[in-house]
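Structural description and commentary
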Amino acid sequence: MNWLFRYANPHEFMRLSGAVLPYIAVATALCFAIGLYLGFSVPPDYQQGTTITLMFIHVPADVVAELIYGAIAVCSLLSLVWRHPLSDTAARAAAPFGALFTAVAIITGALWGKPMWGTYWVWDARLTSFLLLFFLYLGYMALWNAIEDETRAARACAILALVGLVDIPIIKFSVDWWSTLHQGESIMSGKIAPVYLAPLLIMMLGYNLLFFTLWMVRIRTAILERRARNLMQQAAS
Amino acid sequence: MSVFATLLMRDIKLAARSGGSAALALSFFALVATLVPLGVGADLHLLARVAGGVLWVAAVLAALLSLDRLFQGDFEDGSLDVIALSPLPLELTSLAKIAAHWLSTGLPLTVLSPVLALMFNLPPHATAILFVSLLAGTPAVSAIGAIGASLTLSLKRGGLILPLIILPLLSPVVIFGAGAVAATLDGMAAGSALGLLAAFATAAMLLSPFAAAACVRLNLGG
């Protein structure tokens, strides 16, 4: 664990993240450029036609939206066990991106639904559980903003994140169960033609790198903000 | 154990006497159930179809009304500090508060539900399932609600944030509870839904006192 704690030091973190950030940002841009170019030039699907292109925007957002909750949960656990302020900062910085990517997944899902199902919103199991995930992110962010004392807010939010971690698989299971009870439509047979696989994987990587880049920038901003506040307090006293 | 019982009785008395939050929750429950036919129309077939879902949602909302005061009153007047000093671990204190909340809201709501189900034209066998599902599921509402209440106990506007935090966590309760009634109406067995609901409620009651106690400790500055 020692290597982890070395980079949990804000100074070390600033040094390392400042050095790698430009490379990650360029890699993100490259992935999006290649992925989108390939995504728009794939042959139309025999069932979905040209709307298959939406898959390259929708599915990676789906995956990253869930991954971010995992990132928040890991940071929360680190924060509760080792009480390290940087993991609190990281958890707080990740939450708006969780809400954002969930919103992107829901909106692109709805736009995809219009040509596929003939309506923007069907109460499909995946869309419904993503809507609930979106509200979980909103609640988490609201709690962060509501508690003034930063240490207390951090620990309360960490507990909430872990409670959510236990509950999310149950929510997903219950929504799936509900969807079969009400005979919802089933999509995504799981098989995918190799032509579509390459752009999908590149976009998947691109979305992950995009989140990682933005996350780093937000954590760095939060650290700089805290330093500025400390300097101002020192100057005032 | 006597400390536990004393705390339980005290909280039930408080719910029954000061402000009468139990009676308020019941009135709210009945009022929401009255507004729904006014909104969707008095078609008895339609009402029977939606009764399970409407009454479940109304019961969860009614239970939410008094949740934000679960720890807050004791926190504000300092009695929570005294309770924390007692030999009873905070986990059991939280369990006593959850039990008191359920006995003063969840249980009365469950007892009232057959009357409202009658007004919604729900067939008797489905009403029985609704009653059992509320009996099994409302403890989970109190238990998970206690986590939300302890997270927001120091907040002035806690009552606004609390529903946002716990309603998504409670979605399985509504799904399995209303699902059991819907399955019965469709002529299917409700056993699996009730079983899942009972499992969820049991897990919630076992685990949430620990989460709630951790939050209370945090707010007491421990």
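Some details on the overall build of chain B
Check the secondary structure of chain B and you find ten helices and zero strands. The secondary structure elements of chain B, listed N-terminal to C-terminal, are α-α-α-α-α-α-α-α-α-α. At 18 Å, chain B has a C-alpha radius of gyration in line with the 17 Å of a compact globule built from 222 residues. Principal axes of the C-alpha set define a box for chain B whose edges measure 55 × 30 × 30 Å.

Overview of the overall build of chain A
Broken down by element type, chain A carries seven helices and zero strands. Going from the N terminus to the C terminus, chain A shows its helices and strands as α-α-α-α-α-α-α. Projected onto the principal axes, the alpha-carbon positions of chain A cover approximately 70 × 40 × 35 Å. A burial count over chain A gives 36% of its 237 residues as buried. Here the contacts in chain A between residues at least 6 apart in sequence split such that 78% fall between residues at least 24 apart.

Here's the deal with the interface of chain B and chain A
At the junction of the two partners, chain B supplies 21 residues and chain A supplies 24 residues. For the side of chain B that touches chain A, the secondary-structure elements that each account for two or more residues are helix 7 (124–151), helix 8 (158–169), helix 9 (171–185) and helix 10 (191–219) of chain B. Here the residues of the side of chain B that touches chain A are counted per class, giving 18 nonpolar, two polar and one charged.

Section: helix 3 (residues 53–82) of chain A
Taking 1.5 Å per residue, 30 residues should reach 44 Å; helix 3 of chain A reaches 44 Å between its end C-alpha atoms and fits that length. The first or second residue beyond helix 3 of chain A is Arg83(A), which carries a positive phi of 55°.

Quick word on unusual backbone geometry
Phi angles above zero are rare outside glycine, and Arg83(A) is one such case at about 55°. By the element assignment, Arg83(A) lies in the loop between helix 3 and helix 4 (85–117). Accessibility expressed as a C-beta count within 10 Å gives 13 for Arg83(A), which makes it partly exposed. Within the chain, Asn121(B) stands out as a residue other than glycine whose phi angle is a positive 65°.

Notes on the packing of helix 9 of chain B against helix 10 of chain B
Geometry of a packed helix pair, given as the angle between the helix axes and the separation of the axes. Residue and element names in this part refer to chain B. Between helix 9 and helix 10, the least distance of the axes is 8 Å, while the angle of their chain directions is 155°. Judged by the inter-axis angle, helix 9 sits roughly antiparallel to helix 10. Crossing angle aside, the handedness with which helix 9 passes helix 10 is left-handed. In contact with Pro 172, Val 173, Phe 176, Gly 177, Gly 179, Ala 180 and Ala 183 of helix 9, helix 10 contributes Ala 193, Leu 194, Leu 196, Leu 197 and Phe 200.

What about the nonpolar core?
By size, the foremost hydrophobic cluster in this structure holds 136 residues, and its most contacted members are Ile68(A), Leu143(A), Leu160(A), Leu55(B), Ala59(B) and Leu197(B). At 14 residues, the largest contribution of residues to this core is made by helix 10 of chain B. Ignoring any residue separated from it by four or fewer positions in sequence, one finds Leu197(B) in contact with Ser133(B), Ala136(B), Gly137(B), Val173(B), Phe176(B), Gly177(B) and Ala180(B).

Looking at the confidence of the model for chain B
All names here are of chain B. Looking at chain B, pLDDT values average 91 and 98% of them are 70 or higher. The secondary-structure element of chain B with the lowest mean pLDDT is helix 4 (residues 69–76), recorded at 86, while helix 7 shows the highest, at 95. Scored as a whole, the predicted complex attains pTM 0.90, and scored at its interfaces, ipTM 0.90.

Description of helix 7 (residues 194–236) of chain A
Residue and element names in this part refer to chain A. Taking 1.5 Å per residue, 43 residues should reach 63 Å; helix 7 reaches 63 Å between its end C-alpha atoms and fits that length. Considered for burial, the residues of helix 7 that qualify are Pro 199, Ile 202, Met 203, Gly 206, Tyr 207, Leu 209, Leu 210, Phe 211, Thr 213, Met 216 and Ile 219. For helix 7, the secondary structure elements touched by its buried residues are helix 2 (10–41), helix 3 and helix 4.

A closer look at the packing of helix 7 of chain B against helix 9 of chain B
Residue and element names in this part refer to chain B. Viewed as axis vectors pointing N to C, helix 7 and helix 9 meet at an angle of 170°, and their least axial separation amounts to 9 Å. Relative to helix 9, the element helix 7 lies roughly antiparallel. The segment helix 7 lies against helix 9, with His 125, Ala 126, Ile 129, Leu 130, Ser 133, Leu 134, Gly 137, Ala 140 and Val 141 engaging Val 173, Phe 176, Gly 177, Ala 180, Val 181, Thr 184 and Leu 185. Split by residue class, the contact of helix 7 with helix 9 holds eleven nonpolar, five polar and no charged.

Topic: the environment of Pro10(A)
Residue and element names in this part refer to chain A. On the secondary structure map, Pro 10 appears in helix 2. On the basis of neighbour count, Pro 10 is assigned to the partly exposed category, with 19 C-beta atoms found within 10 Å. C-alpha separation for the pair Pro 10 and Leu 86, spaced 76 residues apart in sequence, amounts to 6.9 Å. Ignoring any residue separated from it by four or fewer positions in sequence, one finds Pro 10 in contact with Leu 86 and Ile 223.

What counts, and at which threshold
Residues numbered from 1 in each chain as written. Chains lettered and ligands numbered in written order. Predicted model: local features only at pLDDT ≥ 70, side-chain atom pairs only at ≥ 80, totals over all residues. Helix = DSSP H or I, 4+ residues; strand = E, 2+ residues; numbered from the N terminus. Rg over C-alpha atoms; globule rule 2.2 N^0.38 Å. Buried ≥ 20, exposed ≤ 12 C-beta atoms within 10 Å, placed from the backbone. Contact = placed C-beta atoms within 7 Å. Nonpolar A, V, L, I, M, F, W, Y, C, P; charged D, E, K, R; others polar. Expected span 1.5 Å × (residues − 1). Axes fitted to C-alpha atoms, helices over the stretch in contact; angles between N-to-C directions. Parallel < 35°, antiparallel > 145°, perpendicular 65-115°, else oblique. Left-handed = near helix turned anticlockwise from the far one by under 90°. Core = buried A, V, L, I, M, F, W, Y, C linked by C-beta atoms within 7 Å. pLDDT = per-residue confidence, 0-100.

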